[in-house]
Amino acid sequence: MTAAEDLRFPDVDLNIYSKNNPVDVPILKSEIATRASSPNIIRHIVFDLSGTELEGRFVAGQSIGILPPGLNEKGKPHVLRLYSICSPSFGEDGQGRQYATTVKRLIGEHWDTQQLFTGVCSNYLSSLRPGDMVKVTGPSGKRFILPEQPEQFNYVFFATGTGIAPFRGMVMELMKRGNKKNIALVFGSPYRTDLLYDSFFRGLDERESWFHYLPTISRENPRTDGSRPYVQSQLTDRADLLKPILERDDTLIYVCGLKGMETGIIQGLAANGLHQYLKYKEELSGDPIGWDEQTIRRSIKPSGRMFLEVY
Ligand code: A2P
């Protein structure tokens, strides 16, 4: 039996505080997480959970719930929003008292009315200052976490944008456990200025032979065929690095970010003969890169070695 077939996941705490029973906690820090020249506003926000039942209870990959104050257009309280924590289980402070998340201010324009819209919860959170109180719930999620004895596996992590959050926590967790197996982190951003936690990942890549950081910038230099570099393009463009890791029996794939990645990564895995990460309900023919989203959704699911959190 290979290690990946013998996967077990730890029991984790869930909903110690729920939406009907949230807890008020202070914001400890709120820092810009992109380079200064980025037009996007993405913050690293640290919550102080000291003295609550949440101390030491999150594991990397779980989410914290936020209840923004106020009412929606129907006069009902705003619904709970979930944000992935970007901290390891021991927190930002090493004691499990401070956990952080990575929040992008959602600002846009309604294409039909030309009116500005702003995301309710992301703007609320992004405006909070140290000392301000916020109602939180959690922990949430038990499917997008590291397995038991996580240092026994290799990982290929695919992230776009703030989908990097759980992988920061997971990488820190694996480092603390003395990881020596391969971790490849493929991170997609529109521009270099939008890369998150870039100096941390770059430094780790330089220091540790087991860590491979593949920033993938979509809007600067196109690929040789003129297409945008996306995280899934690296399955082909950096097959020299990724294929030997992915072909091992003890490797797991985690994917977090935009929904469109799911189709692209499944196409890329199939095109590279990496069928062990896929479960086929029916046989498909032709070039996998041409399989459309509907066909993939109908016919292919991730196998027990691939975990997705896409939105
Ligand atoms: P694009 O330049 O086409 O928008 P952010 O969340 O910071 O905007 O970053 C998302 C990143 O994911 C961008 O580089 C974006 O590229 C890229 N992206 C968009 N669609 C897909 C897709 N279907 N598969 C993989 N990556 C995608």
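Residues numbered from 1 in each chain as written. Predicted model: local features only at pLDDT ≥ 70, side-chain atom pairs only at ≥ 80, totals over all residues. Heavy atoms only, no water.

Trainee: What's the story with the pairing of strand β8 (residues 133-140) in this structure? I'm lost.
Mentor: Regular strands show a simple pattern: their side chains alternate between the two faces of the sheet. The element β8 is largely enclosed, with a buried count of six among its eight residues. In this sheet, β8 lies alongside strand β1 (residues 23-32) in antiparallel orientation, the contact comprising four bridges. Among the inter-strand pairings, valine 23 is bridged to a residue of β8, identified as valine 136. In terms of strand pairing, strand β3 (residues 63-67) meets β8 through four bridges, oriented antiparallel. Of the residues in β8, the one forming a bridge with isoleucine 66 is valine 136. (Buried < 20%, exposed > 50% of the residue type's maximum accessible area, 1.4 Å probe, protein only. Helix = DSSP H or I, 4+ residues; strand = E, 2+ residues; numbered from the N terminus. Pairing = 2+ DSSP bridges.)

Trainee: How should the site of the ligand be read in this particular structure?
Mentor: In the vicinity of the ligand there are 14 residues, among which Ser189, Ser218, Arg219, Arg228 and Tyr230 approach most closely. Its free accessible area being 570 Å², the ligand has 80% of it covered by the protein chains. Of all the elements in the fold, those that place two or more residues in the shell around the ligand are β10 (183-189) and α6 (260-271). Looking at the shell around the ligand residue by residue, the classes come out as four nonpolar, seven polar and three charged. (Near = heavy atom within 4 Å. Areas by Shrake-Rupley, 256 points an atom, 1.4 Å probe, with all protein chains shown as cover. Nonpolar A, V, L, I, M, F, W, Y, C, P; charged D, E, K, R; others polar.)

Trainee: Explain the sheet that holds strand β11 (residues 211-217) to me, please; I cannot follow it from the model alone.
Mentor: Sheets are built from strands paired through backbone hydrogen bonds, the pairs being either parallel or antiparallel. Strand order in the open sheet formed by five strands is β11-β10-β9-β12-β15, and the pairing between neighbours is parallel. Single-partner strands in this sheet number two, and they are β11 and β15 (306-310). Mean inter-strand twist for the sheet, computed between neighbouring axes without regard to direction, equals 10 degrees. Lying on the sheet, helix α3 (residues 198-207) is in contact with β10 and β11; it crosses β11 at an angle near 135 degrees. (Axes fitted to C-alpha atoms, helices over the stretch in contact; angles between N-to-C directions. Contact = heavy atoms within 4.5 Å.)

Trainee: How do you make sense of a nonpolar patch on the surface when you look at a structure like this?
Mentor: Where nonpolar side chains cluster on the molecular surface, the patch consists of Ile32, Ile41, Ile107 and Leu116 and spans about 380 Å² of accessible area. Along the chain, isoleucine 41 turns up in the loop between β1 and β2 (42-48). With relative accessibility at 32%, the residue isoleucine 41 sits in the partly exposed group. (Patch = residues over 30% accessible without salt bridge, like charges linked within 9 Å, V, L, I, M, F, W, Y side chains within 5 Å. Salt bridge = Lys/Arg side-chain N within 4 Å of Asp/Glu carboxyl O.)

Trainee: Explanation requested: the sheet that holds β1 in the structure shown.
Mentor: Here six strands make up an open sheet; going across it, the order is β4-β3-β8-β1-β2-β5 and the pairing antiparallel. Taken across any chain shown, the strands that pair with only one partner, and hence form the sheet edges, are β4 (81-84) and β5 (98-104). Strand after strand, the sheet turns through a mean of 45 degrees between neighbouring axes, direction not considered. Of the strands in this sheet, β2, β3, β4, β5 and β8 are in contact with helix α1 (residues 120-127), which crosses β4 at around 60 degrees.

Trainee: Looking at this structure, I do not really get α3. What am I missing?
Mentor: It helps to recall that an α-helix has 3.6 residues per turn; residues three or four apart then point in one direction. The set of residues buried in α3 consists of Asp198, Phe201, Gly203 and Leu204. Where α3 is buried, its residues contact α2 (165-176), β10 and β11.

Trainee: Just checking my understanding: could you explain the packing of α2 against α3 for this structure?
Mentor: How two helices pack is summed up by the angle between their axes together with the distance between the axes. The interhelical angle for the contact between α2 and α3, taken along N-to-C directions, is 35 degrees, at an axis separation of 12 Å. Here α2 runs over α3; the crossing is left-handed. From α2, Arg168, Val171, Met172 and Met175 reach across to α3, where they touch Phe200, Phe201, Leu204 and Arg207. Along the lines of polarity and charge, the residues of the contact of α2 with α3 split into six nonpolar, no polar and two charged. (Left-handed = near helix turned anticlockwise from the far one by under 90°.)

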